[in-house]
Amino acid sequence: MNLNLQGRVVVVTGAASGIGAETARCFAAEGAALALVDRDGDRLAQLQQELRAQARVYSVVADLSSAAQVEAAMATVLREYDGEIDVLVNNVGQCLARSFDELSDADWLATFEINFLSAVRAARHLLPVMRRRGAGAIVTNASDLARQPEASPPDYQVSKVALVSLTKSLALAEGPAVRVNAVAPGPVWTPLWTRPGGFADTLGHLHGRDAKAAVEYELSKRQLPLGRMGEPREIAAVIAFLASDAASFVTGSVWGVDGGSIRGLL
């Protein structure tokens, strides 16, 4: 499908791996120019090298849990693309399986810094450009857990609820020029799960099982109709659609890409 994204300038945060990297690949295949931001400089450089044959790609290494680094990264991107940004994909985030009693105030604040405030700060820097140009799109990576919480991890889920609310609020405030939407993935097999100390390992600690058994147990509770975890490319395709003119009458929406995990009607 040709989404008519040729020449659009797309900023992707958390771009070095997982859903972010597949999103970058998807936009590159559609002919967009990319600004990729992540704290993992090695993986970011590898992805930039991979995509250079398809698209103009610029990368910035930054820890987006830091307000100062968000500001510096967005300012660098704006200079590189002469202040012409069409799409912001807020994808960066972290998730550790911890019970309510395990979470300190510092843990809650750290989760909100990277999962929620990174999106707030990136939007704050790029929305003025979109307003000036009279067009733009923001797509934020939320979670099915924002709409159908489990017992754990509470900090992650609450941060994703905040992103859904931010999406609705910005869609109202920024229309008609700027469209603002979110995707709500279900469980997707990415480095967020698989890296040492990631969600799978911390699930094992939480449930008193090895990581593989803990993941299988968690998925059995979710009872996904499609019977499997998602793949990053399946989320990336919906992100690209929401950023494109094919979704020109879509704003303030939260698109479930979750294998059927949401049981409710709304």
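Residues numbered from 1 in each chain as written. Predicted model: local features only at pLDDT ≥ 70, side-chain atom pairs only at ≥ 80, totals over all residues. Heavy atoms only, no water.

## Here we look at the pattern of salt bridges
With the rule as written, the count across this model stands at 14 salt bridges. A salt bridge links arginine 8 to aspartate 245; the nearest nitrogen and oxygen atoms lie 2.7 Å apart. Highlighted residues: arginine 8 in the segment before β1 (9–13) and aspartate 245 in the loop between α9 (232–243) and β7 (254–257), separated in sequence by 237 residues. A relative accessible area of 44% means that aspartate 245 is categorised as partly exposed. Of the charged contacts in the structure, one is a salt bridge between arginine 121 and glutamate 113, with a shortest N-O distance of 2.7 Å. One connected set of salt bridges, linked through shared partners, spans Glu84, Asp86, Arg132 and Arg133. (Salt bridge = Lys/Arg side-chain N within 4 Å of Asp/Glu carboxyl O. Helix = DSSP H or I, 4+ residues; strand = E, 2+ residues; numbered from the N terminus. Buried < 20%, exposed > 50% of the residue type's maximum accessible area, 1.4 Å probe, protein only.)

## Examining unusual backbone geometry
Glycine aside, residues mostly have negative phi angles, and peptide bonds mostly take the trans form. Cis geometry marks the peptide bond from serine 152 to proline 153; its omega dihedral reads 5°. Of note, proline 153 is situated in the loop between β5 (136–141) and α5 (154–174). Note that the residue after glycine 175, namely proline 176, is joined by a cis bond; omega there is 5°. Secondary-structure assignment places proline 176 in the loop between α5 and β6 (178–185). In this model, asparagine 4 sits at a positive phi of 55°, which is unusual for a non-glycine residue. Within the fold, asparagine 4 resides in the segment before β1. Relative accessible area serves as the criterion here: at 46%, asparagine 4 is assigned to the partly exposed category.

## A word on the nonpolar core
Counting 35 residues, the largest nonpolar core has Val11, Val37, Met74, Ile85 and Leu88 as its most contacted members. Only β1, β2 (33–38), α3 (67–80), α4 (105–133), α5 and β6 provide two or more residues apiece to this core. Ranked by residue count, the leading element in this core is α4, at ten residues. Setting aside residues no more than four positions away along its own chain, valine 37 makes contact with Val11, Val12, Thr13, Gly14, Ala15, Leu44, Val60, Ala62, Leu64, Ala73 and Met74. In this structure, Ala32, Val57, Ala137 and Ile235 belong to the second largest nonpolar core, which totals 34 residues. (Core = buried A, V, L, I, M, F, W, Y, C linked by side-chain atoms within 4.5 Å. Contact = heavy atoms within 4.5 Å.)

## Re the environment of serine 17
Relative to the elements of secondary structure, serine 17 occurs in the loop between β1 and α1 (18–29). Note: C-alpha distance between serine 17 and proline 128 (111 residues apart in sequence) is 28 Å.

## Some remarks on the packing of aromatic side chains
For the structure shown, the criterion picks out two aromatic pairs. Note on phenylalanine 112 and phenylalanine 116: the rings are 6.0 Å apart at their centroids and 65° apart in plane angle, and the pair reads as edge-to-face. Of this pair, phenylalanine 112 and phenylalanine 116 both sit in helix α4, four residues apart, which is roughly one turn of that helix. Residue phenylalanine 116 is classed as buried on the basis of its relative accessible area, which comes to 17%. (Phe/Tyr/Trp six-rings, centres within 6.5 Å; stacked < 30°, edge-to-face > 60°.)

## Structural notes on α9
Helix length check: α9, at twelve residues, gives a terminal C-alpha distance of 17 Å against a target of 16 Å (1.5 Å per residue), a fit within 8%. Those residues of α9 that fall on the buried side of the exposure criterion are Pro232, Ile235, Ala236, Val238, Ile239, Ala240, Leu242 and Ala243. Where α9 is buried, its residues meet α1, β4 (87–90), β5, β6 and β7. (Expected span 1.5 Å × (residues − 1).)

## Describing the pairing of strand β3 (residues 57–61)
Two elements, β2 and β3, share five bridges in a ladder whose sense is parallel. By the bridge assignment for β3, leucine 34 is matched with valine 57. (Pairing = 2+ DSSP bridges.)

## Description of the sheet that holds β1
Read from one edge to the other, the open sheet built from seven strands follows the order β3-β2-β1-β4-β5-β6-β7, with strand pairing classed as parallel. Every interior strand has two partners, whereas the edge strands, β3 and β7, have only one. Direction aside, the axes of adjacent strands within the sheet are offset by 15° on average. The sheet strands contacting α1 are β1, β2, β4, β5 and β6, and the helix crosses β2 at an angle near 170°. (Axes fitted to C-alpha atoms, helices over the stretch in contact; angles between N-to-C directions.)

## Quick notes on the packing of α4 against α5
The interhelical angle for the contact between α4 and α5, taken along N-to-C directions, is 15°, at an axis separation of 9 Å. Looking at the two axes, α4 sits roughly parallel to α5. As α4 runs across α5, the sense of the crossing is right-handed. Contacts from Asp107, Trp108, Thr111, Phe112, Asn115, Phe116, Ala119, Val120, Ala123, Leu127 and Arg131 in α4 reach Pro154, Asp155, Tyr156, Val158, Ser159, Ala162, Leu163, Leu166, Leu170 and Glu174 in α5. Within the contact of α4 with α5, the residues separate by chemical class into 14 nonpolar, three polar and four charged. (Parallel < 35°, antiparallel > 145°, perpendicular 65-115°, else oblique. Left-handed = near helix turned anticlockwise from the far one by under 90°. Nonpolar A, V, L, I, M, F, W, Y, C, P; charged D, E, K, R; others polar.)

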